[in-house]
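In case you want the letters, here they are:
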Amino acid sequence: WSPYYCDANKVCGQWCPELDIMEANTGAFQATPHSCTDSSTPKYYSCDRNGQFQRTREHPGGYGPGPSNTIDTTRPFEVRTRFEGSPSANGSPPR
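Notes on the structure in this doc start here. (Residues numbered from 1 in each chain as written. Predicted model: local features only at pLDDT ≥ 70, side-chain atom pairs only at ≥ 80, totals over all residues. Heavy atoms only, no water.)

**Quick word on the pattern of salt bridges**
Tallied over the entire structure, the rule returns 3 salt bridges. Between Glu58 and Arg55 there is a salt bridge, and its shortest N-O distance comes to 3.0 Å. Glu58 gets classed as partly exposed once you look at its relative accessible area, which sits at 42%. Owing to a relative accessible area of 21%, Arg55 belongs among the partly exposed residues under this scheme. A salt bridge links Glu84 to Arg82, with the nearest nitrogen and oxygen atoms 2.4 Å apart. Classification of Glu84 as exposed rests on a relative accessible area of 56%. Residue Arg82 is classed as exposed on the basis of its relative accessible area of 69%. (Salt bridge = Lys/Arg side-chain N within 4 Å of Asp/Glu carboxyl O. Buried < 20%, exposed > 50% of the residue type's maximum accessible area, 1.4 Å probe, protein only.)

**Some points on the packing of aromatic side chains**
According to the stated counting rule, one finds 2 aromatic pairs in the structure shown. Each ring, one from Phe29 and one from Tyr63, has its centre 5.8 Å from the other, and the planes form 65°; the classification is edge-to-face. Separated by 34 residues along the polypeptide, Phe29 in strand β2 (residues 29-34) and Tyr63 in strand β4 (residues 63-64) bring together distant segments of the chain. Taking 5.9 Å as the distance between ring centres and 85° as the angle between the ring planes, the aromatic pair formed by Tyr63 and Phe77 counts as edge-to-face. Of this pair, Tyr63 sits in strand β4 while Phe77 sits in the segment after β5 (71-72); the two residues are 14 residues apart in sequence, bridging distant segments of the chain. A relative accessible area of 38% means that Phe77 is categorised as partly exposed. (Phe/Tyr/Trp six-rings, centres within 6.5 Å; stacked < 30°, edge-to-face > 60°. Helix = DSSP H or I, 4+ residues; strand = E, 2+ residues; numbered from the N terminus.)

**A few points about unusual backbone geometry**
One non-glycine residue with positive phi stands out, namely Lys10, at about 60°. Within the fold, Lys10 resides in the segment before β1 (18-24). Overall, Lys10 belongs to the partly exposed group, its relative accessible area being 42%.

Purely geometric stuff here, so don't read any function into it on its own.
Here you go:
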């Protein structure tokens, strides 16, 4: 158990919810939220290891090298992430 790090794959021996904001290379882009079972303590006992991802490979022509793609990864582009909403009463993000 580590008091300093946790993730949805139990790295360092502890489960916790995780949000992979950007997993990418020139051929694919993926964002993956991972949820965990509810717990009445700070310790979780299982999480969704695969996550609920959105990935570009499911949208041909959207992302990749070359001008035939909406996002041509051979050219510079910008990624922005925004979190909207208010935290819940217990301080957790809204679901």
